[in-house]
Amino acid sequence: MAVGTKAMSELAFALVAGIGFGVCFQKGRICYASALSDFFLFRSSRVGGGILLATLLTTLTWSGAYLFGGGAGFWLPSWGFYGLLGGAIFGVGMILAGACLTSTLWRVASGSGQYALVLAGVVVGFALTGLIHPWLGEWYFAPLWLGTGTTAFALPVPAPVVAIAFVGVAVLAYAALTGSTRRHFEGEIDEDEGRIAGLRASVATGLVGLLEGTRQYVEARTSGIDPGRALRRPWDPRTSGIGIALTATVWIGVSGVWTVSGPLEGWIALAFGTVGTGAVNAVPGLAAAFPGGVSPGMGVIAGFLAGAFLAAVAGGEFNLDAPTRSVGVAPVAGGVLMGIGAKLAPGCNVTNLYTGVASLSVHGIVAGIGIVLGAYVGTRLLFRPQR
Amino acid sequence: MTGAVAGTGGCLDASDPGETTEDGGHRTTVTIRDGTFTPTSLEAATGHDVTVVFENRDSREHVLRGDFGSFGVTVPPGETVSRQVTVPNEPGDYEVVCEGSDGSFELKSVPADVLRGCGYESDE
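Thresholds applied
- Residues numbered from 1 in each chain as written.
- Chains lettered and ligands numbered in written order.
- Predicted model: local features only at pLDDT ≥ 70, side-chain atom pairs only at ≥ 80, totals over all residues.
- Helix = DSSP H or I, 4+ residues; strand = E, 2+ residues; numbered from the N terminus.
- Buried ≥ 20, exposed ≤ 12 C-beta atoms within 10 Å, placed from the backbone.
- Contact = placed C-beta atoms within 7 Å.
- Rg over C-alpha atoms; globule rule 2.2 N^0.38 Å.
- Core = buried A, V, L, I, M, F, W, Y, C linked by C-beta atoms within 7 Å.
- Nonpolar A, V, L, I, M, F, W, Y, C, P; charged D, E, K, R; others polar.
- Pairing = 2+ DSSP bridges.
- Axes fitted to C-alpha atoms, helices over the stretch in contact; angles between N-to-C directions.
- Parallel < 35°, antiparallel > 145°, perpendicular 65-115°, else oblique.
- Left-handed = near helix turned anticlockwise from the far one by under 90°.

## Focus on the overall build of chain B
Per the secondary structure count, chain B includes two helices and ten strands. The order of α-helices and β-strands along chain B, N terminus first, is α-β-β-β-β-β-β-β-β-β-β-α. In chain B, which comprises 124 residues, the share counted as buried stands at 40%. Put simply, of all contacts in chain B between residues at least 6 apart along the chain, 52% involve residues at least 24 apart.

Okay, structure coming up:
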């Protein structure tokens, strides 16, 4: 009975956490696909900055969780080339689909038929990979395996020190990128400047821009917040980033890290099982993923959809629209690639680029690099300049 | 918490006794008859402990040696011996051979933590 009560309360927390994630993602228009393609095409870091803020704040708070709880609650699988390969397939897929897995979910919750097609593609991708599940361990994961799962938090220094060092390096790298972009557009780059001098100038310009942007952001919020407007209007991605980090910090205290593709596969397996045992047993991967009930992770997914739906309704953005023929096969094809990639990496954009990187998990970082590379290739292939 | 048992459950269909079986329940029975093993292999999660029950149906003793850790077990004729085996952390195929006969048994160590994906909560 006590176990049942604990499970129920964890599920209730899961729904609340999911609602928090869903609201933040929908209001901030958080999408890893658009963040990456916008950066590759236009050097825009608006959405990417919000995602980075969420990730770095989470790294700091989770380092505290690691300090007190060790690896409990963290997902630290073994790592290998499969992370790069699966991540790259996922990255190409999300550019083709026009949305990452989480933005597909919040767009579906906002009534989009086009992104429902993407989600259908993801289901097909999971099912296709599920058919070859019995051979994946021996013929795919084992040959590409490089090491057992670990995190930089396990280094022989306190985890928060590692987190602060990582955040410092990430901020400098972000400043270098944004500073370089700013100098490029403002024509400040001297053709004769050396590489080191140029990097220094870019970092300095980027840090000044970062401080100025932060000052403006804080001033705008300390001068008063209109709750009605906050409900109706989209949020600055940085606000969503802070909200995501806060939710993830509470959630690791209650249960563990936030993952999406696995619990989503759990829902798909549960749906197949509801159709009949024959349906779920026909796909060995789904049979292996069959949860037998609603896990806390699956509860977060349900909450995420509910939160995104509520945010869309509050903003007057809920609109049931059917997909048009003009979208072609890209949404389904992109969804299929995302489903396959999420199984072969394993993990999606949140599991690897957010949770994995914030956990400083070796697997998350390797698979995250794969996703970024795939997104880069996808962007270059899909958005080639017209001759 | 959903354990690794549930996580790997259903990974492989062991309906053909001669083929690879899984570490469902972390316990599997291997029968030795005429110096040959049934099943011939076991797929198990890296780093996990699995219990292998060796059932000797022959009228002579079998001495088994593994090429991992310090695995070794002697199974008297007509008897059953149970051993807990820690599956090597490095994925790969590990062989258990029977001294004095051609029979062998393969322990296939697979990285189940990635095979299971991120939907499972580990009990490790």
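## Considerations on the overall build of chain A
Assigned secondary structure in chain A consists of 18 helices and two strands. Taking 2.2 N^0.38 as the reference for a compact globule, 387 residues should give roughly 21 Å; the C-alpha atoms of chain A span a radius of gyration of 21 Å, in line with that estimate. Projected onto the principal axes, the alpha-carbon positions of chain A cover approximately 70 × 55 × 50 Å. The 387 residues of chain A split such that 53% are buried. In chain A, the share of contacts with a sequence separation of at least 24, taken over all contacts with a separation of at least 6, comes to 82%.

## Structural notes on the nonpolar core
All names here are of chain A. In terms of nonpolar packing, the biggest core is built from 136 residues, with Tyr32, Ala33, Met94, Phe141, Leu286 and Ala308 touching the most fellow members. It is helix H4 (residues 81-97) that contributes the most residues to this core, ten residues altogether. Beyond its immediate stretch of four places on either side in the chain, Leu286 contacts Ala127, Gly130, Ile268, Ala269, Phe272 and Val280.

## Some thoughts on the interface of chain B and chain A
With 23 residues of chain B at the interface, the matching set in chain A holds 31 residues. For the side of chain B that touches chain A, the elements supplying multiple residues, two or more each, are strand E10 (104-110) and helix H2 (112-115) of chain B. Classifying every residue of the side of chain B that touches chain A gives ten nonpolar, eight polar and five charged.

## Description of the environment of Pro156(A)
Secondary-structure assignment places Pro156(A) in the loop between strand E2 (145-147) and helix H8 (159-185). Taking the C-alpha atoms as reference, Pro156(A) lies 20 Å from Ile365(A); in sequence the two are 209 residues apart.

## Concerning helix H17 (residues 349-358) of chain A
Residue and element names in this part refer to chain A. For H17, a buried count of ten out of ten residues is recorded, marking the element as mostly surrounded by other parts of the structure. Among the residues of H17, Asn349, Val350, Thr351, Asn352, Leu353, Tyr354, Thr355, Gly356, Val357 and Ala358 are the ones counted as buried. If you follow the buried residues of H17, they end up packed against helix H2 (32-42), helix H3 (46-69), H4, helix H5 (101-109), helix H12 (261-275) and helix H18 (362-382). Positioned one or two residues after H17, Leu360 has a phi angle of 55°, which is positive.

## A look at the sheet that holds strand E8 (residues 80-86) of chain B
All names here are of chain B. Taken in spatial order, the four strands of this open sheet run E3-E2-E5-E8, and their pairing is mixed. Each end of this open sheet is capped by a strand with a single partner; those strands are strand E3 (36-38) and E8. Along the sheet, successive strands turn relative to each other by an average axial angle of 25°, direction set aside. Sheet topology places strand E5 (residues 49-56) next to E8; seven bridges connect them, and they run antiparallel. Bridge pairing in E8 links Val52 to Arg83.

## A few points about H2(A)
Where H2(A) is concerned, the buried positions are Tyr32(A), Ala33(A), Ser34(A), Ala35(A), Leu36(A), Ser37(A) and Phe39(A). Where H2(A) is buried, its residues contact H3, H4, H5, H17 and H18 of chain A.

## Quick look at the environment of Ser59(B)
All names here are of chain B. Checked against the element boundaries, Ser59 lands in the loop between E5 and strand E6 (62-66). Residue class for Ser59 comes out exposed when judged on the 7 C-beta atoms lying within 10 Å of it. Along the backbone, Ser59 and Gly78 are 19 residues apart, and their C-alpha atoms lie at a distance of 6.4 Å.

## Some thoughts on unusual backbone geometry
For the bond from Ala345(A) to Pro346(A), the omega torsion is -15°, close enough to zero to count as cis. In this model, Thr38(B) is joined to Pro39(B) through a cis peptide bond whose omega is -5°. The phi angle at Arg29(A) is positive, at roughly 55°, despite the residue not being glycine. A positive phi angle, near 60°, is found at Arg43(A), a position not held by glycine. Position of Arg43(A) relative to the elements: it lies in the loop between H2 and H3. Given 14 C-beta atoms within a 10 Å radius, Arg43(A) is considered partly exposed.

## Focus: the packing of H5(A) against helix H15 (residues 296-314) of chain A
Residue and element names in this part refer to chain A. The interhelical angle for the contact between H5 and H15, taken along N-to-C directions, is 50°, at an axis separation of 8 Å. Between H5 and H15, the crossing angle belongs to the class labelled oblique. Here H5 runs over H15; the crossing is right-handed. For the pair H5 and H15, contact is made by Leu105, Trp106 and Ala109 and by Phe304, Leu305, Ala308, Phe309 and Ala312, respectively.

## A closer look at the pairing of E6(B)
All names here are of chain B. In terms of strand pairing, E6 meets strand E7 (residues 72-75) through four bridges, oriented antiparallel. The residue of E7 that forms the bridge with Leu64 is Val73. Here E6 hands over to E7 after five residues, with Gly69 in that stretch at a positive phi of 50°. One ladder, built from three bridges, connects E6 with strand E9 (residues 92-98); its direction is antiparallel. Pairing of Gly66 across the sheet is with Val96, part of E9.

## Notes on the environment of Thr274(A)
Within the secondary structure, Thr274(A) sits in helix H12. Separated by 50 residues in sequence, Thr274(A) and Thr324(A) place their C-alpha atoms 31 Å apart.

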